[in-house]
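Structural description and commentary
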Amino acid sequence: MAEHPPIEAYEALDSTNAEARRRAEAGEAGPVWITAAVQTAGRGRRGRAWSTHKGNLAATLLTLADVPAAEAAQLSFVAALAACDLADACLGPGAARLKWPNDVLLHGRKAVGILVESGTRPDGRLWLAVGIGVNLAHAPQDVERPAAAFSDYMAGPPPEPRAALEVLAAAFERWRRAWATRGFAPIAEAWTERAVGLGQPCEARLPNRTLTGVAEGMDSDGALRLRLDDGSLERVTAGDVFFGGV
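Residues numbered from 1 in each chain as written. Predicted model: local features only at pLDDT ≥ 70, side-chain atom pairs only at ≥ 80, totals over all residues. Heavy atoms only, no water.

Notes on the overall build of the protein chain
- Helix and strand counts for the protein chain stand at 5 helices and 12 strands.
- Taken over C-alpha atoms, the radius of gyration comes to 17 Å for the protein chain, in line with the 18 Å a tight globule of 246 residues would show.
- Taking the principal axes of its C-alpha atoms as reference, the protein chain extends roughly 50 × 50 × 30 Å.
- Put simply, of all contacts in the protein chain between residues at least 6 apart along the chain, 64% involve residues at least 24 apart.
- Per element, the accessible surface of the protein chain, about 11100 Å² overall, is 51% carbon and sulfur.
- Of the side-chain charges in the protein chain, 26 are positive and 30 negative, and the distance between the mean point of each set is 1 Å. (Helix = DSSP H or I, 4+ residues; strand = E, 2+ residues; numbered from the N terminus. Rg over C-alpha atoms; globule rule 2.2 N^0.38 Å. Contact = heavy atoms within 4.5 Å. Areas by Shrake-Rupley, 256 points an atom, 1.4 Å probe, with all protein chains shown as cover. Lys, Arg positive; Asp, Glu negative; His and termini not counted. Charge placed at Lys NZ, Arg CZ, Asp CG, Glu CD.)

Following this line, the structure appears as C-alpha coordinates:
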(Lines give C-alpha, C1' and ligand atoms only; values in the text may rest on other atoms or scores of the structure.)
Protein backbone atom coordinates (compact mmCIF):
# COMPACT_ATOMS: atom_id res chain seq x y z
CA MET A 1 0.00 0.00 0.00
CA ALA A 2 1.35 3.40 -0.92
CA GLU A 3 2.23 5.77 1.88
CA HIS A 4 -0.32 8.45 2.70
CA PRO A 5 -2.22 9.78 5.73
CA PRO A 6 -4.97 7.57 7.20
CA ILE A 7 -8.45 7.52 5.64
CA GLU A 8 -11.68 7.77 7.63
CA ALA A 9 -14.76 6.74 5.63
CA TYR A 10 -18.40 7.64 6.35
CA GLU A 11 -21.63 6.63 4.68
CA ALA A 12 -22.93 10.22 4.61
CA LEU A 13 -21.80 13.71 5.66
CA ASP A 14 -23.12 17.16 4.95
CA SER A 15 -19.72 17.98 3.46
CA THR A 16 -16.27 16.50 3.91
CA ASN A 17 -14.83 20.02 3.98
CA ALA A 18 -17.35 21.05 6.64
CA GLU A 19 -16.40 18.01 8.71
CA ALA A 20 -12.72 18.89 8.36
CA ARG A 21 -13.46 22.47 9.45
CA ARG A 22 -15.37 21.29 12.51
CA ARG A 23 -12.50 19.04 13.52
CA ALA A 24 -9.92 21.75 12.93
CA GLU A 25 -11.87 24.25 15.01
CA ALA A 26 -12.09 21.62 17.76
CA GLY A 27 -8.29 21.37 17.76
CA GLU A 28 -7.65 18.34 15.55
CA ALA A 29 -4.53 18.65 13.43
CA GLY A 30 -4.47 15.65 11.12
CA PRO A 31 -3.21 14.76 8.65
CA VAL A 32 -6.25 12.64 7.87
CA TRP A 33 -8.39 12.04 4.79
CA ILE A 34 -12.14 12.27 5.40
CA THR A 35 -14.40 10.69 2.79
CA ALA A 36 -18.15 10.11 2.48
CA ALA A 37 -20.16 7.94 0.11
CA VAL A 38 -22.78 10.71 -0.06
CA GLN A 39 -22.59 14.44 0.63
CA THR A 40 -25.89 16.13 1.45
CA ALA A 41 -24.55 19.69 1.26
CA GLY A 42 -21.35 19.54 -0.78
CA ARG A 43 -19.78 22.82 -1.82
CA GLY A 44 -17.53 23.98 -4.61
CA ARG A 45 -15.68 27.22 -5.22
CA ARG A 46 -17.52 30.49 -4.52
CA GLY A 47 -20.23 28.69 -2.60
CA ARG A 48 -21.50 26.69 -5.58
CA ALA A 49 -23.23 23.42 -4.82
CA TRP A 50 -21.24 20.26 -5.56
CA SER A 51 -23.36 17.16 -5.94
CA THR A 52 -21.97 13.82 -4.77
CA HIS A 53 -23.93 10.74 -5.79
CA LYS A 54 -23.02 7.27 -4.62
CA GLY A 55 -20.24 5.98 -6.81
CA ASN A 56 -18.45 9.33 -6.99
CA LEU A 57 -15.58 10.35 -4.73
CA ALA A 58 -15.78 13.10 -2.12
CA ALA A 59 -12.73 13.47 0.11
CA THR A 60 -10.97 16.13 2.15
CA LEU A 61 -7.48 16.14 3.59
CA LEU A 62 -7.26 17.88 6.96
CA THR A 63 -3.71 18.96 7.66
CA LEU A 64 -1.55 21.73 9.09
CA ALA A 65 0.78 24.11 7.27
CA ASP A 66 3.74 26.07 8.57
CA VAL A 67 3.69 28.55 5.69
CA PRO A 68 1.67 31.74 5.03
CA ALA A 69 -1.89 31.28 3.75
CA ALA A 70 -1.02 32.54 0.26
CA GLU A 71 1.69 29.90 -0.05
CA ALA A 72 -0.48 27.18 1.45
CA ALA A 73 -3.07 27.88 -1.25
CA GLN A 74 -0.61 26.35 -3.72
CA LEU A 75 -1.81 22.97 -2.47
CA SER A 76 -4.78 23.41 -4.80
CA PHE A 77 -2.35 22.84 -7.69
CA VAL A 78 -0.93 19.80 -5.85
CA ALA A 79 -4.48 18.46 -5.61
CA ALA A 80 -5.06 19.05 -9.33
CA LEU A 81 -1.92 17.12 -10.26
CA ALA A 82 -2.94 14.25 -7.98
CA ALA A 83 -6.37 14.13 -9.61
CA CYS A 84 -4.70 14.09 -13.02
CA ASP A 85 -2.62 11.12 -11.92
CA LEU A 86 -5.80 9.35 -10.84
CA ALA A 87 -7.41 10.04 -14.23
CA ASP A 88 -4.32 8.78 -16.05
CA ALA A 89 -4.35 5.60 -13.94
CA CYS A 90 -7.99 4.94 -14.86
CA LEU A 91 -8.16 6.22 -18.43
CA GLY A 92 -4.59 6.14 -19.74
CA PRO A 93 -1.73 8.64 -19.83
CA GLY A 94 -2.70 12.12 -20.95
CA ALA A 95 -6.43 11.58 -20.44
CA ALA A 96 -6.84 14.61 -18.20
CA ARG A 97 -5.83 18.21 -18.75
CA LEU A 98 -5.74 21.14 -16.36
CA LYS A 99 -7.45 24.50 -16.70
CA TRP A 100 -6.32 27.32 -14.44
CA PRO A 101 -6.43 27.31 -11.54
CA ASN A 102 -7.36 23.71 -10.73
CA ASP A 103 -10.12 22.38 -12.98
CA VAL A 104 -9.43 18.84 -14.19
CA LEU A 105 -10.93 18.25 -17.64
CA LEU A 106 -11.69 15.12 -19.63
CA HIS A 107 -12.11 15.99 -23.30
CA GLY A 108 -12.92 19.57 -22.33
CA ARG A 109 -15.46 18.65 -19.66
CA LYS A 110 -14.96 19.17 -15.94
CA ALA A 111 -14.60 15.93 -14.00
CA VAL A 112 -13.00 17.08 -10.75
CA GLY A 113 -13.69 19.90 -8.33
CA ILE A 114 -11.15 21.21 -5.81
CA LEU A 115 -11.81 23.48 -2.85
CA VAL A 116 -9.10 24.51 -0.37
CA GLU A 117 -10.19 26.20 2.84
CA SER A 118 -8.09 27.31 5.80
CA GLY A 119 -8.13 28.93 9.20
CA THR A 120 -5.77 29.91 12.01
CA ARG A 121 -5.41 27.79 15.12
CA PRO A 122 -4.91 29.31 18.59
CA ASP A 123 -1.19 28.45 18.33
CA GLY A 124 -0.93 30.55 15.17
CA ARG A 125 -0.50 27.62 12.79
CA LEU A 126 -2.70 27.25 9.74
CA TRP A 127 -5.13 24.38 9.28
CA LEU A 128 -6.07 23.36 5.76
CA ALA A 129 -9.00 21.44 4.33
CA VAL A 130 -8.12 20.26 0.83
CA GLY A 131 -11.39 19.05 -0.68
CA ILE A 132 -11.47 16.98 -3.87
CA GLY A 133 -14.60 15.75 -5.61
CA VAL A 134 -14.25 13.32 -8.52
CA ASN A 135 -17.05 12.32 -10.90
CA LEU A 136 -16.19 8.64 -11.12
CA ALA A 137 -19.58 7.16 -12.02
CA HIS A 138 -21.93 10.12 -12.51
CA ALA A 139 -21.66 13.61 -14.01
CA PRO A 140 -24.16 16.32 -13.02
CA GLN A 141 -26.39 17.59 -15.82
CA ASP A 142 -27.76 20.83 -14.37
CA VAL A 143 -24.48 22.72 -14.29
CA GLU A 144 -23.14 25.95 -15.78
CA ARG A 145 -20.44 24.21 -17.82
CA PRO A 146 -20.38 20.69 -19.34
CA ALA A 147 -19.31 17.99 -16.89
CA ALA A 148 -17.95 14.49 -17.40
CA ALA A 149 -17.47 11.32 -15.40
CA PHE A 150 -14.65 8.80 -15.66
CA SER A 151 -17.26 6.19 -16.59
CA ASP A 152 -18.07 8.12 -19.77
CA TYR A 153 -14.68 7.10 -21.18
CA MET A 154 -14.20 3.63 -19.67
CA ALA A 155 -15.17 0.33 -21.26
CA GLY A 156 -15.71 -1.25 -17.85
CA PRO A 157 -17.00 0.13 -14.56
CA PRO A 158 -15.13 3.01 -12.88
CA PRO A 159 -13.14 2.32 -9.72
CA GLU A 160 -14.90 2.21 -6.39
CA PRO A 161 -14.47 5.52 -4.51
CA ARG A 162 -12.30 4.03 -1.76
CA ALA A 163 -9.94 2.42 -4.29
CA ALA A 164 -9.77 5.71 -6.20
CA LEU A 165 -8.96 7.57 -2.99
CA GLU A 166 -6.04 5.23 -2.28
CA VAL A 167 -4.53 6.20 -5.65
CA LEU A 168 -5.38 9.89 -5.20
CA ALA A 169 -4.01 10.11 -1.66
CA ALA A 170 -0.72 8.46 -2.66
CA ALA A 171 -0.33 10.78 -5.65
CA PHE A 172 -1.15 13.81 -3.51
CA GLU A 173 1.53 12.80 -0.99
CA ARG A 174 4.16 12.46 -3.74
CA TRP A 175 3.41 15.94 -5.11
CA ARG A 176 3.08 17.43 -1.61
CA ARG A 177 6.55 16.17 -0.70
CA ALA A 178 7.98 17.70 -3.88
CA TRP A 179 6.31 21.00 -2.97
CA ALA A 180 7.51 20.84 0.65
CA THR A 181 11.12 20.06 -0.25
CA ARG A 182 11.62 21.92 -3.55
CA GLY A 183 9.01 24.66 -3.50
CA PHE A 184 6.42 25.51 -6.11
CA ALA A 185 8.73 25.15 -9.14
CA PRO A 186 8.21 21.40 -9.77
CA ILE A 187 4.46 21.83 -9.26
CA ALA A 188 4.30 24.72 -11.73
CA GLU A 189 6.35 22.77 -14.28
CA ALA A 190 4.17 19.67 -14.05
CA TRP A 191 0.99 21.75 -14.13
CA THR A 192 2.15 23.62 -17.25
CA GLU A 193 2.87 20.35 -19.04
CA ARG A 194 -0.76 19.32 -18.56
CA ALA A 195 -2.39 22.72 -19.02
CA VAL A 196 -4.93 23.68 -21.65
CA GLY A 197 -5.37 27.18 -23.00
CA LEU A 198 -1.89 28.59 -22.63
CA GLY A 199 -1.15 30.86 -25.57
CA GLN A 200 -4.84 31.06 -26.41
CA PRO A 201 -7.41 33.86 -26.07
CA CYS A 202 -9.39 33.67 -22.87
CA GLU A 203 -11.84 35.52 -20.69
CA ALA A 204 -11.16 35.94 -16.98
CA ARG A 205 -14.22 36.66 -14.86
CA LEU A 206 -13.06 38.28 -11.65
CA PRO A 207 -15.23 39.26 -8.68
CA ASN A 208 -15.57 42.87 -9.86
CA ARG A 209 -14.63 42.88 -13.55
CA THR A 210 -14.11 40.75 -16.65
CA LEU A 211 -10.84 40.73 -18.60
CA THR A 212 -10.05 39.40 -22.06
CA GLY A 213 -6.64 38.59 -23.47
CA VAL A 214 -4.20 35.74 -24.05
CA ALA A 215 -3.10 33.39 -21.26
CA GLU A 216 0.70 33.47 -21.33
CA GLY A 217 1.44 31.09 -18.48
CA MET A 218 1.62 30.68 -14.74
CA ASP A 219 3.86 32.74 -12.46
CA SER A 220 6.05 31.21 -9.78
CA ASP A 221 3.34 31.81 -7.17
CA GLY A 222 0.48 30.28 -9.16
CA ALA A 223 -0.97 33.48 -10.63
CA LEU A 224 -2.05 33.38 -14.29
CA ARG A 225 -0.30 35.86 -16.59
CA LEU A 226 -2.88 37.41 -18.89
CA ARG A 227 -1.78 39.64 -21.78
CA LEU A 228 -4.71 42.00 -22.25
CA ASP A 229 -6.01 43.18 -25.59
CA ASP A 230 -4.35 46.57 -25.06
CA GLY A 231 -0.94 44.90 -24.59
CA SER A 232 -0.70 45.32 -20.83
CA LEU A 233 -0.04 42.39 -18.52
CA GLU A 234 -2.41 41.42 -15.74
CA ARG A 235 -1.77 38.86 -13.01
CA VAL A 236 -4.92 36.92 -12.20
CA THR A 237 -4.85 35.41 -8.72
CA ALA A 238 -8.53 34.46 -8.33
CA GLY A 239 -11.44 34.07 -10.69
CA ASP A 240 -12.93 31.88 -13.41
CA VAL A 241 -11.13 31.55 -16.72
CA PHE A 242 -12.81 30.46 -19.96
CA PHE A 243 -11.10 29.28 -23.17
CA GLY A 244 -13.38 29.03 -26.20
CA GLY A 245 -16.41 28.69 -23.96
CA VAL A 246 -14.81 26.05 -21.73
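Considering the packing of aromatic side chains
- Throughout the structure, instances matching the rule amount to 3 aromatic pairs.
- With 6.2 Å between their ring centres and 85 degrees between their planes, F77 and W191 make a pair best called edge-to-face. With F77 in helix α3 (residues 75-91) and W191 in helix α5 (residues 185-193), the pair connects residues that are 114 residues apart, well separated along the chain. With respect to class, F77 is no different from W191; both count as buried. (Phe/Tyr/Trp six-rings, centres within 6.5 Å; stacked < 30°, edge-to-face > 60°. Buried < 20%, exposed > 50% of the residue type's maximum accessible area, 1.4 Å probe, protein only.)

Details of α5
- Along α5, the residues classified as buried are P186, I187, A188, A190 and W191.
- The elements touched by buried residues of α5 are α3, β4 (96-99), α4 (161-182) and β9 (210-218).

A short note on the side chain of N56
- Mapping N56 onto the fold places it in the loop between β2 (32-39) and β3 (57-65).
- At 3.1 Å, the side chain of N56 forms a polar contact with the backbone nitrogen of L136.
- One polar contact links the side chain of N56 to the main-chain carbonyl oxygen of H138, over a distance of 3.0 Å.
- Not counting residues within four places of it along the chain, the set of residues in contact with N56 comprises V134, N135, L136, A137, H138 and P161. (Polar contact = N/O pair within 3.5 Å; in protein donor to acceptor, adjacent residues only side chain to side chain.)

Observations regarding the sheet that holds β9
- Taken together, 5 strands build an open sheet; the order of strands is β11-β10-β9-β8-β12 and the sheet is antiparallel. Both edges of this open sheet fall to β11 (233-236) and β12 (240-242), since each of them pairs with a single strand only. Sheet twist, expressed as the average angle between the axes of neighbouring strands with direction ignored, equals 45 degrees.
- Bridge analysis of strand β10 (residues 224-228) against β11 gives 4 bridges, and the strand direction is antiparallel. Each residue of the ladder has a partner; that of L224, found in β11, is V236. (Pairing = 2+ DSSP bridges. Axes fitted to C-alpha atoms, helices over the stretch in contact; angles between N-to-C directions.)

This is a description of form; function is not addressed.
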